[in-house]
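# Summary of the model geometry
Single-letter residue listing:
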Amino acid sequence: MKIHGQPYRTIWLAPDGWRVGVIDQTRLPFRFETVTLSSAEAAAEAIRSMVVRGAPLIGATAAYGVALAMRMEASDATLDAALVLLGATRPTAVNLHWALARMRERLAPLPSQERMAAAYAEAAALCDEDVALCRAIGEHGLGVIRSIQAEKAEGATLNILTHCNAGWLATVDWGTALAPIYLAHDGGIPVHVWVDETRPRNQGAALTAYELGAHGVPHTVITDNAGGHLMQRGQVDMVIVGTDRTTASGDVANKIGTYLKALAAHDTGVPFYVALPSPTIDWTLSDGVRGIPIEERSAREVTHLSGLGDDGEVRSFQVVAPGSPAANPAFDVTPARLVTGLITERGVCEASAQGLARLFPARAGRPAA
Ligand code: MRU
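Residues numbered from 1 in each chain as written. Predicted model: local features only at pLDDT ≥ 70, side-chain atom pairs only at ≥ 80, totals over all residues. Heavy atoms only, no water.

Turning next to the overall build of the chain. Along the backbone of the chain there are 12 helices and 18 strands. Relative to the 2.2 N^0.38 estimate, which gives 21 Å for 369 residues, the radius of gyration of the chain is 20 Å and therefore close to what a compact globule would have. For the C-alpha atoms alone, the extent of the chain along its principal axes is close to 65 × 55 × 45 Å. Taking all 369 residues of the chain together, the buried fraction comes to 56%. Contacts in the chain between residues at least 24 apart in sequence constitute 74% of all its contacts with a sequence separation of at least 6. (Helix = DSSP H or I, 4+ residues; strand = E, 2+ residues; numbered from the N terminus. Rg over C-alpha atoms; globule rule 2.2 N^0.38 Å. Buried < 20%, exposed > 50% of the residue type's maximum accessible area, 1.4 Å probe, protein only. Contact = heavy atoms within 4.5 Å.)

This is how it looks when you write it as structure tokens:
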């Protein structure tokens, strides 16, 4: 994707060939700043503090975090320590554990002198693959958009609701939920996106709106509570969201509030799709409500907001009554029965064990790699 006319991925190798560049997503949408990571500790902190976020990008950053550790010292002990450090950063997105398992599998059998080069190569390959997976999700999702569009009057705008940020900023490029929307828009389909603001961290208002605006996709930011009302009024043709972990039976963990959108969509007959690359599937889990670990984040994300003051300065301010406690579960689980379909790199399937097994016969029923 392009920022001010310059093509960007969300993660790249610095010109020195070893440090890792990322976009500081905590500064968007008011400032576009990049950060250069030079250690596994810095990569872990970037994930923890949400300088980088979104399931696929968390995985990609962790992979480069391992490479940075291997540059310092490529012993078994350092490899193990890096895997533990990075694996402890955020609990819900399974891409993190998938990426680290892949790095361990690639590096552990190698002699230490070969590990650094192999780690950088593997992290780069993982990033390139993520771009290809997201692009393929875009193509398959475009088919879904076309079929829903075909039911509308010719030339009518298709209204798509999304939650959180599952665009290119959440991946290496393209995005998951937003990839089909970009392709539809670029292909001349008149789309308009309802963007849930996504409290408490406002990934929708800050990041999804930023990306869609930069690409010229018509969109409107709404409060998290407006979606059900719009669906009742026939103003939403479909919902597409991303996911941080989807079980082998099709239960979907995503940003807190997704479940309520799925309930409203179910009640109003609005198709509810989830876009995901296969590294987001946790083949070891079936029951998402009981099995998926849900991250509890700081109460301060609820009690305080940050935004642009009239003086042009970004500042933080309190919105909750002083002394009131706040709770901050960061994700929820939408049961498979509320999901119309899963849009993957291999096509669209029912959100069920059978649906996923049809697309991924080699993985279904086997423990995670
Ligand atoms: O807490 P975040 O911002 O990392 O949460 C991100 C989401 O919930 C996204 O919807 C999800 O990772 C899918 S991204 C392609």
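Examined at the domain level, the chain breaks down into domain 1 (2-129) and domain 2 (139-364). Contacts between the two partners involve 31 residues from domain 1, matched on the other side by 34 residues from domain 2. Between domain 1 and domain 2 the total buried area reaches about 2,700 Å² when both faces are included, carbon and sulfur atoms providing 60% of it. Applying the counting rule to domain 1 against domain 2 returns 1 salt bridge. The partner of Arg90 in a salt bridge is Glu295, with the nearest N and O atoms 2.8 Å apart. A breakdown of the residues in the side of domain 1 that touches domain 2 according to their chemical character gives 18 nonpolar, 8 polar and 5 charged. (Domains from an automatic or database assignment. Buried area = accessible area lost by both parts, 1.4 Å probe. Salt bridge = Lys/Arg side-chain N within 4 Å of Asp/Glu carboxyl O. Nonpolar A, V, L, I, M, F, W, Y, C, P; charged D, E, K, R; others polar.)

Let us now look at the nonpolar core. With 81 residues, the main nonpolar core has Ile11, Val66, Leu107, Ile145, Ile181 and Met238 as its most contacted residues. Among the elements that line this core, the one with the most residues is helix H5 (residues 112-149), at 13 residues. Those residues within four positions of Leu107 in sequence are excluded, and the remaining contacts are Val66, Met70, Leu79, Arg115, Ala118 and Ala119. (Core = buried A, V, L, I, M, F, W, Y, C linked by side-chain atoms within 4.5 Å.)

Before going further, it helps to spend a moment on the packing of helix H2 (residues 55-72) against helix H3 (residues 76-87). Between H2 and H3, the shortest axis-to-axis distance is 9 Å and the interhelical angle comes to 150°. Classified by the angle their axes make, H2 and H3 are roughly antiparallel. Considering the relative orientation of H2 and H3, their crossing is right-handed. For the pair formed by H2 and H3, the contact residues are Ala62, Gly65, Val66, Ala69 and Met70 on the first element and Thr78, Leu79, Ala82, Leu83 and Leu86 on the second. Broken down by class, the residue content of the contact of H2 with H3 amounts to 8 nonpolar, 2 polar and no charged. (Axes fitted to C-alpha atoms, helices over the stretch in contact; angles between N-to-C directions. Parallel < 35°, antiparallel > 145°, perpendicular 65-115°, else oblique. Left-handed = near helix turned anticlockwise from the far one by under 90°.)

Once that is clear, we can look at the packing of aromatic side chains. Enumeration over the complete set of coordinates arrives at 4 aromatic pairs. With centroids separated by 5.6 Å and ring planes inclined at 65°, the aromatic side chains of Tyr8 and Trp12 adopt a geometry described as edge-to-face. Relative accessible area serves as the criterion here: at 26%, Trp12 is assigned to the partly exposed category. The interplanar angle of 55° and the centroid separation of 6.4 Å between the aromatic rings of Tyr64 and Tyr120 together place this pair among those described as tilted. One end of the pair, Tyr64, is in helix H2; the other, Tyr120, is in helix H5, and 56 residues separate them in sequence. Tyr120 carries the same exposure label as Tyr64, and that label is buried. Aromatic ring contacts, followed pair by pair, group Tyr8, Trp12 and Phe32 into a single cluster. Across from the ring centre of Trp18, 3.8 Å away, lies the NZ or CZ of Arg71, which sits over that ring. (Phe/Tyr/Trp six-rings, centres within 6.5 Å; stacked < 30°, edge-to-face > 60°. Lys NZ or Arg CZ within 6 Å of the ring centre and 35° of its normal.)

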